[in-house]
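Residues per chain, in single letters:
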Amino acid sequence: MEQPTDAPTASPTLTPPDAVPSPTPSPSPTLAAPCPGDCDGDAAVGVNEVVLGVNIALNALPIGACPPFDTNASGAVEITEVIAAVSAALLGCG
């Protein structure tokens, strides 16, 4: 009968009682791209919002009436931004 040999064994790693485990990083939420012309933030563009954008483009209303129309941050609503809002109204946001 063979005698067991005394092989070295790994000692367990002990954690001090006051050690705080590091938090596991969680993935950052992905923010949806803003929908051009979505004045009320409901992820849809209504006809009333398109009308607001046209009025802003015509300088009948200030940009503050619907800031999401100003997608290029120019301080004004341009025809391309009105077209993008109409597209979002027809095809949906996203």
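Our subject in this report is the structure included herewith. Since the structure is predicted, the reported quantities are computational estimates derived from the model, not experimental observations. (Residues numbered from 1 in each chain as written. Predicted model: local features only at pLDDT ≥ 70, side-chain atom pairs only at ≥ 80, totals over all residues. Heavy atoms only, no water.)

**Some remarks on unusual backbone geometry**
Unlike most non-glycine residues, A43 shows phi in positive territory, near 65°. Structurally, the position occupied by A43 is in the segment before α1 (47-57). On the basis of relative accessibility, which here comes to 55%, the residue A43 falls in the exposed class. With phi around 65°, N59 is a residue other than glycine that occupies positive phi space. For N59, the position within the fold is in the loop between α1 and α2 (79-91). (Helix = DSSP H or I, 4+ residues; strand = E, 2+ residues; numbered from the N terminus. Buried < 20%, exposed > 50% of the residue type's maximum accessible area, 1.4 Å probe, protein only.)

**Concerning the nonpolar core**
I56, C66, F69, V77, V82 and A85 form the largest nonpolar core, which has six residues in total. Sequence-distant contacts of V77, defined by excluding residues within four places in its chain, comprise G53, I56, A57, I63, F69 and V82. (Core = buried A, V, L, I, M, F, W, Y, C linked by side-chain atoms within 4.5 Å. Contact = heavy atoms within 4.5 Å.)

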